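# Observations on the model geometry
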Amino acid sequence: MSAVIHLQALGLTEYEARAYTALLALGRAVPARVARQAGIPRPKIYETLERLEGRGLAAKVGQNPLEYAPLSAREYLARARRSFDDRLGALDRDLSRLAPDPAPEAVYHLHGEAAIRSLCEDLTLNARRSLYMAGEASFADRLERLTPRGVELRRTPLTDLPSVAAHGQRAFLLARDGEAALIAHFIDEGGTGEAHGVHTHNPVIIHLIEGYVQLAAQTTATRTTD
């Protein structure tokens, strides 16, 4: 059950997650019934329900017989979200003290298609103002779906312009918020070698990519009107 897996990712044990989802399905039940529904050994169900009560996920609603009911999943998710945000904030502060922001002129080499596509997705999800992208339509479509609302998106195919990739390779360009850029070279199907690229915060490269995308869009528009 996917809910059990997600609850475990938030810190619940497997028994706790199974018992909580069983309670949500039952609404209110004695421990023995929760154990049957969740597939938990009966000797373990009492301590499991007590831990759920301690987490604010369940409450006793009767003593004779003893019954439990689930508390709001939304409240738990809100608490988990706040806790996770607090931890991320603390981690960000700690990492900032350990290492400075990358130098603007630094260029980082990337290897492997999966790593490159993952970084493209991260750049897209973190966009605040603008995105420029050019390259294969299917991947650009995916990134467009990930683009946050309100971000200005400019995309174009790389046609009718000088190639920026070697024979047997496909280029993909991405620039975000005037702050970060990525140039990728994917390998054509049946080709040899490994996908590679570069990631940088260099403003010169970022502006070059933005200009290249704008030029490609203008060229495509001109060709369409002709």
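Keep in mind that this is a model prediction, so the values were computed, not measured. (Residues numbered from 1 in each chain as written. Predicted model: local features only at pLDDT ≥ 70, side-chain atom pairs only at ≥ 80, totals over all residues. Heavy atoms only, no water.)

### Some points on the packing of helix 3 (residues 31-38) against helix 4 (residues 42-54)
Helix 4 packs onto helix 3 with a crossing angle of 105° between their chain directions and a minimal axis gap of 9 Å. Classed by the angle they form, the pair helix 3 and helix 4 counts as roughly perpendicular. Seen from helix 3, the contacting residues are Pro31, Ala32, Val34 and Ala35; seen from helix 4, they are Arg42, Ile45, Tyr46 and Leu49. (Axes fitted to C-alpha atoms, helices over the stretch in contact; angles between N-to-C directions. Helix = DSSP H or I, 4+ residues; strand = E, 2+ residues; numbered from the N terminus. Parallel < 35°, antiparallel > 145°, perpendicular 65-115°, else oblique. Contact = heavy atoms within 4.5 Å.)

### Quick look at the domain arrangement of the protein chain
When its domains are assigned, the protein chain resolves into domain 1 (1-74) and domain 2 (107-224). Taking the mean C-alpha position of each, domain 1 and domain 2 sit 48 Å from one another. (Domains from an automatic or database assignment.)

### As for the confidence of the model for the protein chain
This prediction gives the protein chain a mean pLDDT of 87; 92% of its residues lie at or above 70. When mean pLDDT is compared element by element in the protein chain, helix 3 scores highest at 95, while helix 8 (residues 203-225) scores lowest at 80. (pLDDT = per-residue confidence, 0-100.)

### Looking at the packing of aromatic side chains
The tally for this structure, following the rule as stated, stands at two aromatic pairs. Ring centres of phenylalanine 139 and phenylalanine 172 lie 5.0 Å apart, and the angle between their planes is 55°; on these two criteria the pair is classed as tilted. Taken as a pair, phenylalanine 139 in helix 7 (residues 137-146) and phenylalanine 172 in strand 6 (residues 169-176) lie far apart in primary sequence, 33 residues in all. Pairing phenylalanine 139 with phenylalanine 186 gives two aromatic rings, centres 6.1 Å apart and planes at 85°, and the pair type is edge-to-face. Highlighted residues: phenylalanine 139 in helix 7 and phenylalanine 186 in strand 7 (residues 180-187), separated in sequence by 47 residues. For the pair phenylalanine 139 and phenylalanine 186, a shared accessibility class is recorded, and that class is buried. A network of ring pairs unites the aromatic residues Phe139, Phe172 and Phe186 as a single cluster. The aromatic ring of phenylalanine 139 is capped on one face by arginine 117, whose charged end is 4.5 Å from the ring centroid. (Phe/Tyr/Trp six-rings, centres within 6.5 Å; stacked < 30°, edge-to-face > 60°. Buried < 20%, exposed > 50% of the residue type's maximum accessible area, 1.4 Å probe, protein only. Lys NZ or Arg CZ within 6 Å of the ring centre and 35° of its normal.)

### Describing the nonpolar core
Burial of nonpolar side chains together is a common tendency in soluble globular proteins. By size, the foremost hydrophobic cluster in this structure holds 21 residues, and its most contacted members are Leu12, Leu23, Val34, Ile45, Leu49 and Leu52. Going through the elements one at a time, helix 1 (2-9), helix 2 (14-26), helix 3 and helix 4 are the ones with two or more residues in this core. Per-element tally for this core: the top contributor is helix 2, with six residues. If we ignore the near neighbours within four places in the chain, the residues touching leucine 49 are Leu23, Pro31, Val34 and Tyr68. Judged by nonpolar contacts, the second largest core, of 18 residues, contains Cys120, Phe139, Ala140 and Leu182. (Core = buried A, V, L, I, M, F, W, Y, C linked by side-chain atoms within 4.5 Å.)

### Examining the pairing of strand 2 (residues 66-70)
In this structure, strand 1 (residues 58-63) lies alongside strand 2, joined through five bridges in antiparallel fashion. Looking at strand 2, one finds that alanine 59 is bridged to alanine 69. Two successive antiparallel strands, strand 1 and strand 2, enclose a turn made up of two residues. (Pairing = 2+ DSSP bridges.)

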